[in-house]
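# Summary of structural features
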Number of protein chains: 2
Amino acid sequence: MPKRITLKEVAARASVSYQTVSKVISQKVHVSEATEQRIWDAVRELNYTPSYTARSLRSHRSMTIGYSWRPSPPDQTNPILDEFLQSMFRAAENHGYYLLCFPYHDELQKQLAIYRELINTGRVDAFVISTLNYNEPCVSYLVEHKFPFVGFGHLDDPDSFPYIDVDGALGLQMAVEHLLDLGHRRIAALAWPSDSRVGNNRMDGYFLALDKAGIKARPEWVERGEGTFDVGFTSTLKLLAIADGLRPTAIVAMNDLMAFGAMTAIQQSGLRPGKDIGVIGFDDSPTARYMDPPLTSIRQPISTIGKNLMERLIGYLDTGTYPDPRCELVAPELVIRESTIGKKTSQPIHGKEDADRR
Amino acid sequence: MPKRITLKEVAARASVSYQTVSKVISQKVHVSEATEQRIWDAVRELNYTPSYTARSLRSHRSMTIGYSWRPSPPDQTNPILDEFLQSMFRAAENHGYYLLCFPYHDELQKQLAIYRELINTGRVDAFVISTLNYNEPCVSYLVEHKFPFVGFGHLDDPDSFPYIDVDGALGLQMAVEHLLDLGHRRIAALAWPSDSRVGNNRMDGYFLALDKAGIKARPEWVERGEGTFDVGFTSTLKLLAIADGLRPTAIVAMNDLMAFGAMTAIQQSGLRPGKDIGVIGFDDSPTARYMDPPLTSIRQPISTIGKNLMERLIGYLDTGTYPDPRCELVAPELVIRESTIGKKTSQPIHGKEDADRR
DNA sequence: ATTCTGTATGCGAACGTTCGCATAAAGTCC
DNA sequence: GGACTTTATGCGAACGTTCGCATACAGAAT
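Residues numbered from 1 in each chain as written. Chains lettered and ligands numbered in written order. Predicted model: local features only at pLDDT ≥ 70, side-chain atom pairs only at ≥ 80, totals over all residues. Heavy atoms only, no water.

Moving on, we come to the domain arrangement of chain A. Here the domain parsing of chain A yields domain 1 (7–58), domain 2 (64–166 + 302–330) and domain 3 (168–301 + 333–357). If you average the C-alpha positions of domain 1 of chain A and of domain 3 of chain A, the two centres end up 60 Å apart. (Domains from an automatic or database assignment.)

So, about the relation of the copies chain B and chain A. Superposition record for chain B on chain A: RMSD 0.2 Å, screw rotation 180°, translation along axis 0.1 Å. In symmetry terms, the pair is related by a two-fold rotation axis. Considering only C-alpha atoms, the residue of chain B closest to the rotation axis is Leu100 of chain B, which sits at 2.3 Å. Both copies share a contact surface, since 99% of the interface residues of chain B are interface residues in chain A too. (Least-squares fit on C-alpha atoms with pLDDT ≥ 70 in both. Contact = heavy atoms within 4.5 Å.)

Another point: the sheet that holds strand β9 (residues 278–282) of chain A. Residues and elements named next belong to chain A. Read across the sheet, 6 strands follow the order β7-β6-β8-β9-β10-β12 without closing on themselves; strand pairing throughout is mixed. At either end of the open sheet lies a strand with only one pairing partner, and these are β7 (222–224) and β12 (333–335). Between one strand and the next, the sheet's axes are offset by a mean angle of 20°, whatever the strand orientation. With 3 bridges connecting them, strand β8 (residues 250–253) and β9 associate as parallel partners. (Pairing = 2+ DSSP bridges. Helix = DSSP H or I, 4+ residues; strand = E, 2+ residues; numbered from the N terminus. Axes fitted to C-alpha atoms, helices over the stretch in contact; angles between N-to-C directions.)

Moving on to the protein's contact with DNA strand D. Contacts to DNA strand D come from 31 residues, most closely from Ser22, Lys23 and Arg58 of chain A together with Lys23 and Arg58 of chain B. Contact distances for DNA strand D include 2.8 Å between a phosphate oxygen and a side-chain N or O atom of Tyr48 of chain A. The side chain of Gln19 of chain B places a nitrogen or oxygen atom 2.8 Å from a base oxygen of DNA strand D. Considering only residue class, the surface near DNA strand D consists of 12 nonpolar, 12 polar and 7 charged. (Near = heavy atom within 4 Å. Polar contact = N/O pair within 3.5 Å; in protein donor to acceptor, adjacent residues only side chain to side chain. Nonpolar A, V, L, I, M, F, W, Y, C, P; charged D, E, K, R; others polar.)

The next point concerns unusual backbone geometry. Residue and element names in this part refer to chain B. Of note, the bond from Asp292 into Pro293 is cis; its omega dihedral lies within 30 degrees of zero at -5°. Assignment of secondary structure puts Pro293 in the loop between β9 (278–282) and β10 (296–299). A cis amide bond, omega -10°, links Asp324 with the succeeding residue Pro325. For Pro325, the position within the fold is in the loop between α12 (302–319) and β11 (327–330). A positive phi angle, close to 60°, is found at Asn47, a residue other than glycine. Tracing the chain through its elements places Asn47 in the loop between α3 (33–46) and α4 (52–59). The residue Lys146 is not glycine, and still its phi comes out positive at about 50°. With respect to the helices, strands and loops of the structure, Lys146 is situated in the loop between α7 (137–144) and β4 (149–152).

Mapped onto the elements of the fold, Asp82 of chain A is located in helix α5 (residues 81–94). Despite its burial, Asp82 of chain A pairs with no opposite charge; the closest candidate is Arg90 of chain A, at 8.1 Å N-O. Beyond its immediate stretch of four places on either side in the chain, Asp82 of chain A contacts Trp69, Pro71, Ser72, Asn78 and Leu81 of chain B. (Buried < 20%, exposed > 50% of the residue type's maximum accessible area, 1.4 Å probe, protein only. Lys, Arg positive; Asp, Glu negative; His and termini not counted. Salt bridge = Lys/Arg side-chain N within 4 Å of Asp/Glu carboxyl O.)

Attention now moves to the pairing of β9 of chain A. Residue and element names in this part refer to chain A. Burial runs high along β9: 5 of the 5 residues are buried. Neither face of β9 is open: one carries Gly278, Ile280 and Phe282, the other Val279 and Gly281, and all of them are buried. Across 3 bridges, β9 lies against strand β10 (residues 296–299) in parallel orientation. Directly across from Gly281, in β10, lies its bridge partner Ser297.

Between chain B and chain A, the contact holds 87 residues from the first and 87 residues from the second. Together chain B and chain A conceal approximately 7,900 Å² of surface at their shared face, both sides included; 54% is due to carbon and sulfur atoms. Remark: the boundary between chain B and chain A carries 0 salt bridges. The tally of links from chain B across to chain A stands at 20 residue pairs in polar contact (both at pLDDT 80 or more). For the side of chain B that touches chain A, the elements supplying multiple residues, two or more each, are α4, α5 (81–94), β2 (98–101), α6 (108–120), α10 (229–240) and α11 (256–268) of chain B. (Buried area = accessible area lost by both parts, 1.4 Å probe.)

Structure follows, in structure tokens:
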């Protein structure tokens with residue numbers, strides 16, 4: 001309601017044409033020192049802010065990037081969502097962009113319809129896509145319509161679109177090598193179903209590390225399931241029931257939740273995680289450090305990924321070509337805690353950290 | 001790049017003026033059955049989508065709602081973020097609105113500057129605000145400029161802006177009454193510092209419940225701190241050191257993280273949470289159910305809150321007045337698990353739930 | 001003096017809508 | 001059958017920018 005200040009009013013005050021003001025503000029033209037000064041003074045005095053809508057109507061740029069993600073099921077938290085979003089927001093803000101977030105629909109047609117609407121109405125200039133299954137129709141849609149986007153995660157064809165992904169294979173390799181260093185020789189894996197691309201990629205690292213150590217991976221060491229606490233729990237009971245001499249002494253899980261299940265199963269079997277059986281998770285969710293014992297886990301450098309994704313995407317929008325590298329695989333980090341190396345002190349000290357007050 | 005279809009082309013095809021097409025599409029006028037049909041056919045055939053930008057330039061509505069929240073510290077997850085966002089997205093979508101999310105800056109001036117920019121550029125029509133401290137400058141700014149917003153959470157003055165909040169006092173009252181029902185008489189609280197509005201509100205319920213049961217709350221039963229795991233841990237050790245006969249037999253914590261710390265402390269003291277000492281958390285974060293023993297906690301109906309907030313806000317934007325009730329306090333729910341009632345079965349069954357695969 | 005180059009600014013049009021008012025045609029009334 | 005309401009559609013203007021081209025005026029070169 002506070003009447004909008006427009007270019008014309010600024011122009012009047014600076015005694016130039018409003019078009020000149022526009023050009024000076026968007027640095028499109030060189031004017032004399034004196035007028036430039038007058039214009040900026042007028043802008044300041046009137047507290048002028050260009051109208052976003054008028055601007056983007058004319059320039060066909062919305063300065064907005066769309067993002068949608070699959071919500072996690074009610075019994076789980078997405079451990080990286082907050083960090084990922086915030087890192088993207090910040091990077092976008094630095095370049096004058098904002099993020100438009102929109103709901104995720106399992107129903108494919110509905111989801112596609114939103115993408116289409118956002119594109120057709122001109123609300124967004126590009127997307128970030130993170131929910132990448134083997135066969136992601138939204139991706140095909142965007143590729144087909146040559147609409148810009150970057151992926152957090154990738155599919156098989158490395159050239160089809162620009163992405164950043166965590167090197168899951170490397171992560172598992174590091175995890176297994178850490179266990180080998182500790183003397184473990186029989187290492188089991190709590191894996192995802194074999195149709196999971198991300199899961200298979202991670203398992204490659206598991207097999208590679210064992211192979212390099214001259215250890216033959218035994219099929220009974222690999223348990224597969226949906227990545228829940230219960231799968232971790234029951235799979236671990238099965239692993240512990242394997243005959244002596246073949247029974248694993250350590251377990252790597254494809255996510256923390258299965259690792260939590262594994263630790264519970266180990267404890268209920270009268271064994272101690274970290275002393276009798278080593279356990280490693282994946283994601284380093286914040287609760288991992290509060291487990292008993294604290295869980296060794298593989299951490300993804302989320303903030304860096306979010307920032308880089310955004311900068312690469314905006315780089316493309318602003319210049320027309322993707323900055324190198326177009327695609328990138330970043331190394332995760334192994335966060336070592338007591339679930340693999342055992343207890344060090346008797347008092348758990350987790351550092352002084354902020355509260356979660358709203 | 002695929003050339004934009006405009007009103008004029010639709011109009012040409014339907015042999016009417018383009019203004020008529022506009023009016024028919026936005027249901028602003030009544031036309032004959034025949035032309036209406038022709039227009040919609042043309043729209044369909046040409047696959048016309050109105051330009052969002054042109055529309056909002058003319059109508060001064062961006063159909064966009066801004067939201068920013070304080071990121072949680074790296075060692076914690078915001079247990080409700082995903083659910084809250086998704087519920088708002090969905091409600092907004094149903095009314096043609098989208099959410100613009102933007103970064104949170106601790107530095108006040110920077111944060112205010114973003115709000116100002118979003119308002120002045122006309123990028124958003126309203127805000128949702130959830131980070132409500134006693135003295136929130138962004139709120140004052142919005143109130144002062146009469147810019148629409150709703151709060152998740154409220155401040156002292158109930159009339160200053162529309163909000164929905166969880167009745168924290170009721171939550172604690174329910175928790176304490178649950179413990180009383182189980183026979184506990186000496187109940188301690190892990191509280192937030194006394195300058196926390198939300199914290200004080202919750203504690204009111206604690207005192208009220210004890211009072212109603214004719215129990216005098218003892219000051220040594222209330223431990224205050226920043227809501228971290230460590231605060232929960234060390235505070236609990238202090239509580240357990242209280243002389244026999246006064247030592248609490250149950251503990252309610254203002255958040256789950258402190259409750260986790262409490263359970264660890266209890267265990268390390270050789271006691272069993274849920275059998276020797278009852279423990280209750282607040283938030284019902286997804287990990288609560290995976291603790292050993294699973295944690296009884298107070299759950300906030302986040303999806304409902306997100307949906308209602310959004311609908312109320314959009315109701316205001318579309319009609320000019322807030323639907324009743326302008327402000328609302330919703331009841332939380334006590335989720336009872338073994339940390340208060342003890343173990344029931346030996347096998348933990350947590351239900352079949354989806355994986356967290358990306 | 002005349003033309004030439006260059007810099008500083010102005011002008012008109014366009015982006016794709018919405019909105020109020022004007023107008024034409026058809027129907028109602030006495 | 002003319003005046004009067006009603007219904008269906010058209011028209012012009014406006015929203016606040018950006019952008020290409022035109023133009024004015026200086027000073028340098030011919």
